Amino acid sequence: MKLHGSMYVKEDTLHIGGVSCVELSKKYSTPLYVLDEKLVRENCREYIKHFKVNENNNKVAYAGKAFLPLYMCKIISEENLYLDVVSGGELYTANKAKFPMERILFHGNNKTLDEIKMGIELGVGIFVVDNLYELELIEKICKEKNKVQKIYFRITPGIEAHTHDYIKTGQVDSKFGFGLINKELYNAIEKLYRYKNVELVGLHAHIGSQIFDVKAYMEEVEVMMKLVKEIQEKYNIYLKEIDLGGGIGVYYTKEDNPKPIKEFCEAIIKMAQKVCERIGINLPKLVIEPGRSIVANAGSTLYTIGSIKDIKDVRTYVSIDGGMTDNIRPSLYHARYECSIVNKMNDKELNKVTVAGKCCESGDILITNTKIMDIKSDDILITTSTGAYGYSMASNYNKIPKPAVVSVMNGKDILICKRQSYEDMINLELNF
Ligand SMILES: Cc1ncc(COP(=O)(O)O)c(C=O)c1O
Ligand SMILES: N[C@@H](CCCC[NH3+])C(=O)O
């Protein structure tokens, strides 16, 4: 198992942020999400530095969908990132955390009327407008409130990124954004002649998630910059900001070979400069929206092993006290993870097992056929790289409560999300 960020082994025991995982499991019980705060902050700083936020006024917006408790909003705000939200709930969270509203980018392919009103009332910086329906609503509400809302148009660039079908978004056949082939984008721009309460400042596209190949971004940059030029020539509108979305891939297992944040940022900036020079336009401000690459490797999950079922010559199932409710990604995308036993880190991994969740679903398998040390019930198993889309996609299936989240740094642990109780789960239900 690869050790990420501030993980280290001391006397056979895994520590994160200077805190023993054995102690964490005793203090907070399991399943438990553990956040390596130092690594989150380091990743934010890498983006700020190498995406030239201070030199070129570029923007890095953390994609909140990856993981957005109040505490994460605080980190993101302190690290001077912008924040991408996709729902009223995420916006509400950011506002509760006192995240500066002018640094919010509000996404979503079907923002409801209430969400649009909420965004305008709170004063979010940018609405990333996905369709004409939304554009009309924003204009109407802003007119009533005598406000002008800055917007980007989200476009579908028609790019096939090499990733899982469920997490591709840039291809022509996508529910997101204005298409280019049928002039949808131009129809939207032409509406702006009549709409006085929206100001178009940029374009946005997002080609997918968990992408390793920078070539896909090269194509995207090319499409976007050519659009900037076309819009300038055709409508005399100069777009100041180009948002290339998120999607940068991370390490989950040895099969993944991601580029460091530095290389990735440098490649994008260089590509953008080159294209702009070639086609003869000024380089707009660049925006990116990383989610996974900020928080995935900074998160781990601790579980207690329960039953172990050895089917001779077939398979050994090791069941843990969580599963698809706290990490849906293996069932949903066949995502792969690494694991280990936190108090036996130096033992040889001589056994082949399958780590199963506790849900009433045969598909609730976290890791199929992984090598592991000798194990027994009550051992604490860790899966790494669960920081993105773990807690944020957790469910209460089988009425399993959501685990707690603890942040660790410099030898200290703080509880940032309480464990749900059975009572919390039935709180919204009426008792007849
Ligand atoms: C519009 C948008 N921006 C940013 C992201 C973040 O992507 P990732 O977590 O892969 O960086 C997503 C998710 O795929 C997205 O849909
Ligand atoms: N939730 C997905 C990524 C989709 C991101 C949102 N567009 C994952 O776990 O990989």
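Since we're looking at a predicted model, the values are computed, not measured. (Residues numbered from 1 in each chain as written. Chains lettered and ligands numbered in written order. Predicted model: local features only at pLDDT ≥ 70, side-chain atom pairs only at ≥ 80, totals over all residues. Heavy atoms only, no water.)

The next point concerns the site of ligand 1. Of all residues adjacent to ligand 1, which total 15 residues, the nearest are His206, Ser209, Glu289, Arg292 and Tyr389. Between ligand 1 and the protein, one listed contact pairs a nitrogen atom with a side-chain N or O atom of aspartate 84 at 3.3 Å. When isolated, ligand 1 has an accessible area of 390 Å², and the protein chains bury 92% of it. (Near = heavy atom within 4 Å. Polar contact = N/O pair within 3.5 Å; in protein donor to acceptor, adjacent residues only side chain to side chain. Areas by Shrake-Rupley, 256 points an atom, 1.4 Å probe, with all protein chains shown as cover.)

Residues in close proximity to ligand 2 total eight residues, the closest being Arg292, Arg329, Tyr333, Tyr389 and Met393. For ligand 2, an oxygen atom lies 2.7 Å from a polar atom in the side chain of arginine 292. Here an oxygen atom of ligand 2 and a side-chain polar atom of arginine 329 are 2.6 Å apart. Look at ligand 2: alone it shows 310 Å² of surface, and the protein chains cover 83% of it. Looking at side-chain class alone, the shell around ligand 2 contains four nonpolar, one polar and three charged residues. (Nonpolar A, V, L, I, M, F, W, Y, C, P; charged D, E, K, R; others polar.)

The next subject is the UniProt feature "binding site: substrate" (unreviewed entry) in the protein. UniProt records the feature "binding site: substrate" (unreviewed entry) for Arg292, Arg329, Tyr333, Glu361 and Tyr389 in the present numbering. Considering the C-alpha atoms alone, the annotated residues occupy 98 residues of sequence and remain spread out, their largest mutual distance being 26.9 Å. By secondary structure assignment, the location of arginine 292 is in helix α11 (residues 292–295). With a relative accessible area of 5%, arginine 292 lands in the buried category. Mapped onto the elements of the fold, glutamate 361 is located in the loop between β17 (351–356) and β18 (365–372). The class of glutamate 361 is partly exposed, set by a relative accessible area of 36%. For glutamate 361, the residues in contact, after removing those within four places along its chain, are Met324 and Tyr397. (UniProt positions renumbered as here; feature names shortened; annotations may be inferred. Helix = DSSP H or I, 4+ residues; strand = E, 2+ residues; numbered from the N terminus. Buried < 20%, exposed > 50% of the residue type's maximum accessible area, 1.4 Å probe, protein only. Contact = heavy atoms within 4.5 Å.)

If you check UniProt for "active site" (unreviewed entry), the listed places come out as Cys360 in our numbering. Mapping cysteine 360 onto the fold places it in the loop between β17 and β18. Discounting residues that sit within four places of it in the chain, cysteine 360 has contacts with Tyr397 and Asn398.

A sheet is described by the order of its strands in space; here three strands give the open sequence β1-β2-β3, paired in antiparallel fashion. Looking at which strands have only one partner, the edges of the open sheet turn out to be β1 (7–10) and β3 (19–20). Here two bridges tie strand β2 (residues 13–16) to β3, and the two strands are oriented antiparallel to one another. From the neighbouring strand, histidine 15 faces β3, where its bridge partner is serine 20. (Pairing = 2+ DSSP bridges.)

Moving on to the nonpolar core. Among the nonpolar cores identified, the biggest contains 110 residues, and Tyr62, Phe153, Leu203, Met225 and Val295 are the most heavily contacted of them. Once residues within four sequence positions are removed from consideration, methionine 225 is found in contact with Ile242, Ala272, Val275, Cys276, Ile279, Ile281, Pro284 and Leu286. Counting residues in hydrophobic clusters, the runner-up holds 18 residues, among them Val342, Met345, Val406 and Val408. (Core = buried A, V, L, I, M, F, W, Y, C linked by side-chain atoms within 4.5 Å.)

To continue, consider the packing of aromatic side chains. For any pair of aromatic rings, geometry is given as the distance between the ring centres together with the angle between the planes. If you walk through the whole model with that rule in mind, you get eight aromatic pairs. Centroid distance tyrosine 33 to tyrosine 391: 5.3 Å. Interplanar angle 85 degrees. Geometry classified as edge-to-face. Taken together, the residues span a long stretch of sequence, with tyrosine 33 in strand β4 (residues 32–36) and tyrosine 391 in the loop between β19 (380–384) and β20 (404–409) at a distance of 358 residues. Measuring from centroid to centroid gives 5.1 Å for phenylalanine 153 and phenylalanine 178, while their planes differ by 70 degrees, and the two rings are edge-to-face. A residue pair is termed long-range when its members are at least 10 positions apart, and phenylalanine 153 in strand β9 (residues 149–156) and phenylalanine 178 in strand β10 (residues 178–179) qualify at 25 residues. Residues phenylalanine 153 and phenylalanine 178 agree in their burial class; the two are buried. Here the aromatic cluster, defined as three or more aromatic residues joined through ring pairs, consists of Tyr33, Phe67 and Tyr391. (Phe/Tyr/Trp six-rings, centres within 6.5 Å; stacked < 30°, edge-to-face > 60°.)

As a packed pair, helix α8 (residues 184–191) and helix α9 (residues 214–235) sit with axes 12 Å apart at the nearest point and diverge in direction by 45 degrees. Overall, the two elements α8 and α9 adopt an arrangement that is oblique. The two elements α8 and α9 cross, and the hand of that crossing is right-handed. Contacts from Leu185, Tyr186, Ile189 and Glu190 of α8 reach α9 at Leu227, Glu230, Ile231, Lys234 and Tyr235. (Axes fitted to C-alpha atoms, helices over the stretch in contact; angles between N-to-C directions. Parallel < 35°, antiparallel > 145°, perpendicular 65-115°, else oblique. Left-handed = near helix turned anticlockwise from the far one by under 90°.)

A few words on the pattern of salt bridges. A complete count under the given rule lists 24 salt bridges for this structure. Between glutamate 199 and lysine 240 there is a salt bridge, with the nearest N and O atoms lying 4.0 Å from each other. Within this pair, whereas glutamate 199 is found in strand β11 (residues 198–204), its partner lysine 240 is found in the loop between α9 and β12 (241–243), the two being separated by 41 residues in sequence. Notably, a salt bridge pairs aspartate 313 with lysine 312, separated by 4.0 Å at the nearest N-O pair. Bridged by salt links that share partners, the residues Glu37, Arg41, Arg45, Lys74, Glu78 and Glu79 form one connected network. (Salt bridge = Lys/Arg side-chain N within 4 Å of Asp/Glu carboxyl O.)

Given a rise of 1.5 Å per residue, 14 residues ought to cover 20 Å, and the 20 Å separating the end C-alpha atoms of helix α7 (residues 132–145) matches this to within 8%. Listed in full, the buried residues belonging to α7 are Glu134, Leu135, Leu137, Ile138, Glu139, Ile141 and Cys142. (Expected span 1.5 Å × (residues − 1).)

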